[in-house]
Amino acid sequence: MNWTDAFTTQAALAAVAWALLHFVWQGALVAALYAAFSQAAAGAGANVRYAGACLALAVMLACPFVTAGLLLGRPAEATPARELVSAERRRAEAYRSARSLSGGPVGAGASAAAGSVEQSSSSSPQELREWAEERFAALVPWLVFAWLAGVLALASRAVGGLLVVLRLRRSARPVAEHVTELLARVSGRLRVSRTVRLCQSVLVEVPTVVGHLRPVILIPASALTGLTPAQLEAVLAHELAHVRRHDYVVNLLQTAAETLLFYHPAVWWVSRRARVEREHACDDAAVQATGDVLLYARALAELEQLRAACATTPALALAADGGSLMHRIQRLVRPRAAAKTRTPLTALALLLVTLCAGAVAARALVPADASEAPAAAPTSAPAQRREVAITFVNYPGSIYSAQRLTNKTRKLLRSLKANNAKAVAFVNDARIGADDPALAEARVQMLREWLDEGHELGNETAHHTSLYDAGLAEFKEEVIKGEQTIARLAAERGQRVRYFSYPYLNTGATLDVKRAAEEFLRGRGYEIHPVTIDNMDWLFSRAYIEALRREDEQAAARIRAEYVPYMERMFEFSESYAREVVGRDIPQVLMLTFGALNADAFDDLAAMMKRRGYTFVTMEQATKDEAYSLPDNYTGERGDSWLARWAVTKGLLYRDTEEVSLPGSMKQYLVEFQKMRAEKIRAEKEKAKADAKKQ
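Residues numbered from 1 in each chain as written. Predicted model: local features only at pLDDT ≥ 70, side-chain atom pairs only at ≥ 80, totals over all residues. Heavy atoms only, no water.

### Section: the overall build of the chain
Item 1. Broken down by element type, the chain carries 28 helices and 12 strands.
Item 2. Residues classed as buried in the chain amount to 50% of the 695 residues present.
Item 3. Looking at the chain as shown, the accessible area adds up to about 32,600 Å², and 58% of this sits on carbon and sulfur atoms. (Helix = DSSP H or I, 4+ residues; strand = E, 2+ residues; numbered from the N terminus. Buried < 20%, exposed > 50% of the residue type's maximum accessible area, 1.4 Å probe, protein only. Areas by Shrake-Rupley, 256 points an atom, 1.4 Å probe, with all protein chains shown as cover.)

### Regarding the pairing of strand β8 (residues 456-459)
Item 1. The two faces of β8 match: E456 and G458 on one face and L457 and N459 on the other face are all buried.
Item 2. For the crossover from strand β7 (residues 423-427) across helix α18 (residues 437-452) to β8, the handedness is right-handed. (Right-handed = clockwise from strand over helix to strand, strands pointing away.)

### Some details on a nonpolar patch on the surface
Item 1. Where nonpolar side chains cluster on the molecular surface, the patch consists of V159, L162, L163 and L166 and spans about 350 Å² of accessible area.
Item 2. In this fold, L162 is placed in helix α6 (residues 125-170). (Patch = residues over 30% accessible without salt bridge, like charges linked within 9 Å, V, L, I, M, F, W, Y side chains within 5 Å. Salt bridge = Lys/Arg side-chain N within 4 Å of Asp/Glu carboxyl O.)

### Let's talk about unusual backbone geometry
Item 1. The omega torsion across Y395 and P396 is 10°, close enough to zero to call that bond cis.
Item 2. With respect to the helices and strands, P396 occurs in the loop between β6 (386-395) and α17 (402-418).
Item 3. Despite not being glycine, L505 has its phi angle at roughly 55°, a positive value.
Item 4. Its location among the elements puts L505 in the loop between β9 (499-500) and α22 (511-523).
Item 5. Take L505: its relative accessible area is 3%, and that puts it in the buried class.

### Structural notes on the pattern of salt bridges
Item 1. The tally for this structure, following the rule as stated, stands at 35 salt bridges.
Item 2. Between R493 and E492 there is a salt bridge, with the nearest N and O atoms lying 3.3 Å from each other.
Item 3. When its relative accessible area of 47% is taken as the criterion, E492 is described as partly exposed.
Item 4. For R645, the salt bridge goes to D632, with nearest N and O atoms at 4.0 Å.

### Brief notes about helix α25 (residues 596-611)
Item 1. The end-to-end C-alpha distance of α25 is 24 Å, a good match for the 22 Å that 16 residues give at a rise of 1.5 Å each.
Item 2. At F602, α25 shows its largest kink, close to 55°.
Item 3. The buried fraction of α25 amounts to 13 of the 16 residues, a majority that puts the element mostly inside the structure.
Item 4. Where α25 terminates, the next one or two residues include G613, which has phi positive at roughly 100°. (Expected span 1.5 Å × (residues − 1). Bend = angle between axes of the 7 residues up to and from the residue.)

### Quick word on the pairing of strand β4 (residues 216-219)
Within a regular beta strand, the side chains point alternately toward one face of the sheet and then the other, so they alternate between its two faces.
Item 1. Side chains V216 and L218 project from β4 onto one buried face, and the interleaved I217 and I219 project onto a second face that is buried too.
Item 2. Direction of pairing for strand β2 (residues 197-200) relative to β4: parallel, over a ladder of four bridges. Bridging from a neighbouring strand, Q200 pairs with I219 of β4.
Item 3. Looking at chain direction, strand β3 (residues 208-210) and β4 are connected through three bridges and run antiparallel. (Pairing = 2+ DSSP bridges.)

### Let's talk about the confidence of the model for the chain
Item 1. On average, residues of the chain score 78 in pLDDT, and 76% of them reach the 70 mark or higher.
Item 2. Between residues 1-8, whose pLDDT stays under 50, and residues either more than four places distant or in other chains, the model counts nine contacts.
Item 3. Counted against residues more than four places away or in other chains, residues 336-344, with its pLDDT under 50, gives eight contacts. (pLDDT = per-residue confidence, 0-100. Contact = heavy atoms within 4.5 Å.)

### Remarks on the environment of T657
Item 1. Structurally, T657 is set in the loop between α27 (642-649) and α28 (664-694).
Item 2. Taking the C-alpha atoms as reference points, T657 and F573, 84 residues apart in sequence, are found 7.6 Å from one another.

### Notes on the packing of aromatic side chains
Item 1. Applying the stated criterion across every chain yields a total of 20 aromatic pairs.
Item 2. Aromatic side chains F392 and F594 sit 6.4 Å apart centroid to centroid with 80° between the ring planes, which places their arrangement in the edge-to-face category. Taken together, the residues F392 in strand β6 and F594 in the loop between β11 (588-593) and α25 connect sequence positions 202 residues apart. In this pair, the class of F392 matches that of F594, namely buried.
Item 3. Members of the aromatic cluster, each reached through a chain of ring pairs, are F392, Y395, W450, F594, F602 and F616. (Phe/Tyr/Trp six-rings, centres within 6.5 Å; stacked < 30°, edge-to-face > 60°.)

### Some thoughts on the nonpolar core
Item 1. Grouped together as the largest cluster of nonpolar side chains are 95 residues, with contacts concentrated most on I390, F392, W450 and M609.
Item 2. If one sorts the elements of this core by residue count, helix α24 (residues 553-581) sits on top with 13 residues.
Item 3. With residues near it in sequence (within four places) discarded, I390 still touches K422, A423, V424, L590, L592, F602, M609, F616 and V617.
Item 4. Residues L182, I217, A286 and L300 belong to the second largest nonpolar core, which totals 27 residues. (Core = buried A, V, L, I, M, F, W, Y, C linked by side-chain atoms within 4.5 Å.)

In structure tokens form, the structure reads like this:
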């Protein structure tokens, strides 16, 4: 996964947003520490306070990057316990309470009791934190985009300043030889070994340093004629001090901090203090070079009188008028008075208030700490590791473009490889060549690449035929037809097709049919695809590909944004159900629909799963768990996950995955899809009747 793809993932956006939020208190803390340091060092040299300000800015600049990196790279064991057990534990407790109230299997009354149990706990502090987190998650994209807009606005200002600096350099004109000799003499006194040019410019109103690798001191003609040689020497000493101390580079650091962290007033305050202390340090160097405080103070006063009423020096240049000129002069002639400044104390008080506010906000939004883990999840051991196997069904899906199929399949393969996940894709053979030869060849080529990347192919019948609807004889024919392409491709690589997935997860109308189908599949060397995390991702996938076809990027983006939170709720549901049925967490088998959505969203899905403590395993590894040997006597019209099958066989509560609510837009799309499907079925029946009459 390249950095461009990584930044566009939901996990990366969330990490950036959380880093920006955390910087509210981090920046306040750093600024408060600097304020305390500045007050303690009030009697020390300006260089000391300047170094402290630069260090504070560097720490501020690093904080969001470090925080985002920690959030993105947080190991599963560090996941807060609340994230692993929140909703599923409340549901499990609710249903256990409901069963105890009803004294048996849960019916409508018990379900109502369960709902009341859940409702009664909805106002807990943990619920409030989760509510705040959900609202914050919805604001994540807008927060990041607003921050980017601010950064771009500030960056454009910096670029404008750079253009002004380049214009200043172009305006440079040589000065008289005796002025150049004066500069060389002062350079030797300050031990400046670098080559520094001195030029005059009509565009500056005070002496100004521009550039770092090839520094140039620009001086207005009024300073050359209005200052005495001694005063000019003092002013040049100040500018050369900037060059010797590499202040131009530090000024770029300040500009970067102000641009990236523009929303925090503490950054602007510390940056302002750095500029003030930098000018003080250069003033001290100039005084040391000339040996006359009063001479330098008079030079500053004279320079102020010579310049125009308003200076226009860009922020990326270093000018001699930095800071309050009156305060600088007072500091030079009365150094003890400067040590009594109350600014650090005032700033410290203000920043401590900001720090407290940031801490309160962080406590309200950051997940509960580890100290709550024992009460929330007594059955979850700290070293526990979750496992999940990834499977895809319904290949080739609804991608009816060879180019798009190729692009999306390869993107999915890159995501699987980046996340070290091996998957099984279940194929409907008859659909491979149902359109045109070019598309069929692209589909077969993608199956070859799928196998070459170390993944497996499985059989899902030729036409995605339900055992319940077709009957046993037709089902067997469909299984055999479904082997044709995938068996040939696997044999080319010395492999065999091992897995079969029931279309619609339907295993037959009766137990006899179910047993006969299982015996037939075993005879052909198949192992059953046991799905424990069933979901309605097919609905999202269908809506997503339709949005892509009509080039509605806004709708596609909304579907992607709603998809991963829905899938996380499905994980919560399945984890809770597994603990009810099996009594513990088990390796899960996730079923996903092959298509454009899961190709575009798999990185986000993987990040969600890792955050919940999952590592990726193969289906072979997952199904070695003894849970997958539990008896399954479930039959019926509905296709259900193996968790529900085991539960019904054991006489436990049947829980429908529809407990996990769809987003509002998907509910509306489902209604429209059902209407369209009913209309299609009605039209097919009418056509069949008409054909029968003709015959």
